[in-house]
Amino acid sequence: MAPRDVARAAGMSAGVRALAKGVVGTVLALGAVLLLRTATFPGPDELPDWGQAGTSRIPAQFSETERTAMKEALKEAIRMPTVAFSSENINTTALAEFGQFLPKVFPSMFSTSFIHHEVVEEYSHLFTIRGSNPKLEPYMLLAHIDVVPASEDGWEVPPFSGLERDGFIYGRGTLDNKNSVMAILQAMELLLRRNYVPQRSFYISLGHDEEVSGKHGAQKIAALLESRGIRLSFIIDEGGYIFDSFFSGIEKPFAVISVSEKGGMNLMLQVDSAPGHSSAPPKETSIGILAAAVSRLEQTPMPNMFGDGPEKALLEQLAGQFSFPLNVILTNLWIFGPIMKRILEKTPVSNAMIRTTVALTMFNAGIKVNVIPPTAQATVNLRIHPAQTIPEVLEIIQNIVADDRVQYQVLSVFNPLPMSPYDSDAFGYQLLRRTIKDVFPEVTAVVPATCIGNTDVRHFANISTGLYRFNPVILQPQGFNSFHGLNEKISIQAYETQVMFLFELIQNADVEKVPVPHSATHDL
Ligand SMILES: CCCCCCCC/C=C\CCCCCCCC(=O)N[C@@H](Cc1ccccc1)C(=O)O
Ligand SMILES: [Zn+2]
Ligand SMILES: [Zn+2]
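The protein chain carries the name N-fatty-acyl-amino acid synthase/hydrolase PM20D1 in an unreviewed UniProt entry, which gives Monodelphis domestica as its organism.

Given below as structure tokens:
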């Protein structure tokens, strides 16, 4: 999906308002006879107190010199055009340069006795940070060095300039995802300089080809760890954010932790027909037959799976952020679920969250203006909802196309990711919630979701059941549009906050298990 579709989801507020208007009468009428639940989900303030990790907590306070150095290091990272054009075409010069740059800016990461650094497949990096307590299961922080291409057209500053303007650093990768690469290493570097020794071991994995599938970077690192028999308690990657001003009914920013991820399939459809002279065309040509087939695919939505993923929990846990009557509607999905199911279909992002999507992405046919083409090919990109299987989806596709002249070839496919736990015992999820509360006091809801795009963390499903996608960055619609788009930028303050978040998270991970909540009556 194009991440900019999320911005269009802002339009959902209008849909939701329409829903509110339409059903408000029903709510009031039903309210007289039904005892409707109101939103009672706990905000982060009601989270259990994890206490101090270890005995000597290091405060997240950075000197002026450190703050200047960290922003300059990010700018330098942006200036290296580590572009991935395709799996066969990546900028190896820039990736190699990036590898040489890391020890210069993060010397302690490369000279500390309990940290081991490995280069994987020439351009990806794996750091193993050995903790003092071997009984604690390790975890992993994941990010990627590569970026999507950017031409200068439409940019306020050149995309690989790393220029600072009005408190922002501009450039490709400032949000996706060199900010994470640099913030993870920066946080650990600052901790090391304060003589921090983690109790819990962890890994830092930096892939070099996420934007073109991750098969040489993250996938190889995952295989390496698997071959070493390593199991991870949880992994944190990109793919969830703090959303601000996306929905007019929600005043305050809310954090989305993606606990699952859609599967994917690239499917080629082909129609062959007899070539001939265009002056005497047959009733149907390969192009016409195929165009009709893919049009049917575009016009026929896959089944709505609302209720089978984390979407219900997402809405219920967001309910408290809305005012009446939406808070009541969202808290009582047992009655309003069927209406909500339809509302969610209205905008591209919420639609993508509740069903398998089919995008027509390539169409090739024809060899000459006056020749009936012998063959026509179309490629469709499917994102498979976690509640569906690949064979199910293929069967539905064939039923929609319903034309034996269309042949199919699966170019690539992978299963949806299982749902990672987000209950009160889920260590990784609760660690994220706790740290969000510490660092972003303005965030009043932390909710689970399905990531509608794909991330490198999917390659690690064999070695961990706790796969979480969350970047500690507050995004407004405009910022979200800049992912893979124009004028990607991060405020210096947001970057410092990201470093601070990781500085806190690493220390917060040094506890044995999730503590018991203060109130047993509250679900987390
Ligand atoms: C009511 C509240 C709704 C809030 C919903 C928010 C849902 C947030 C979920 C996800 C955010 C989108 C993050 C997308 C990250 C995608 C990164 C990416 O572009 N990945 C590529 C990877 C890829 C895969 C296969 C081949 C090449 C590249 C992609 O998905 O295409
Ligand atoms: Zn990314
Ligand atoms: Zn990306």
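There is more to say after this.
In this structure, Asp 176 (OD), Glu 211 (OE), Glu 211 (OE) and His 484 (NE2) serve as the protein donors to the zinc ion (ligand 3), at separations of 2.0 to 2.7 Å. Geometry at the zinc ion (ligand 3) is irregular, judged from its four donor atoms and the angles of 54 to 149° they form at the metal. Each donor residue of the zinc ion (ligand 3) belongs to the same chain, and together they define the spacing D-x34-E-x272-H. Between the two metals, the zinc ion (ligand 3) and the zinc ion (ligand 2), the spacing is 3.3 Å, and Asp 176 donates to both.

Donor atoms from the polypeptide that coordinate the zinc ion (ligand 2) comprise His 144 (NE2), Asp 176 (OD), Glu 238 (OE) and Glu 238 (OE), at 1.9 to 2.3 Å from the metal. Seen from the zinc ion (ligand 2), its four donor atoms lie at angles of 57 to 150°, and the figure they make is irregular. Read from N- to C-terminus, the donor residues coordinating the zinc ion (ligand 2) fall into the pattern H-x31-D-x61-E. Under the relative-accessibility criterion, Asp 176 is labelled buried at 5%. Under the relative-accessibility criterion, Glu 238 is labelled buried at 5%.

Excluding glycine, residues mostly carry a negative phi; peptide bonds, for their part, are mostly trans. Cis geometry is adopted by the peptide bond preceding Asn 177, which originates at Asp 176 and carries an omega value of 15°. Within the element layout of this structure, Asn 177 appears in the loop between strand E7 (168-170) and helix H6 (178-193). Phi at Ala 402 takes a positive value of approximately 45°, unusual for a residue other than glycine. Among the secondary structure elements, Ala 402 is positioned in the loop between helix H13 (390-401) and strand E17 (407-414). Overall, Ala 402 belongs to the exposed group, its relative accessible area being 60%. The backbone of His 484 shows a phi angle near 65°, a positive value even though the residue is not glycine. Within the secondary structure layout, His 484 lies in the loop between helix H15 (477-481) and strand E21 (489-491).

How each quantity is defined
Residues numbered from 1 in each chain as written. Chains lettered and ligands numbered in written order. Predicted model: local features only at pLDDT ≥ 70, side-chain atom pairs only at ≥ 80, totals over all residues. Heavy atoms only, no water. Donors = N, O, S within 2.8 Å, 3.2 Å for Na, K, Ca; no water. Tetrahedral: all angles 85-135°; square planar, octahedral: opposite > 155°, others 65-115°. Buried < 20%, exposed > 50% of the residue type's maximum accessible area, 1.4 Å probe, protein only. Helix = DSSP H or I, 4+ residues; strand = E, 2+ residues; numbered from the N terminus.

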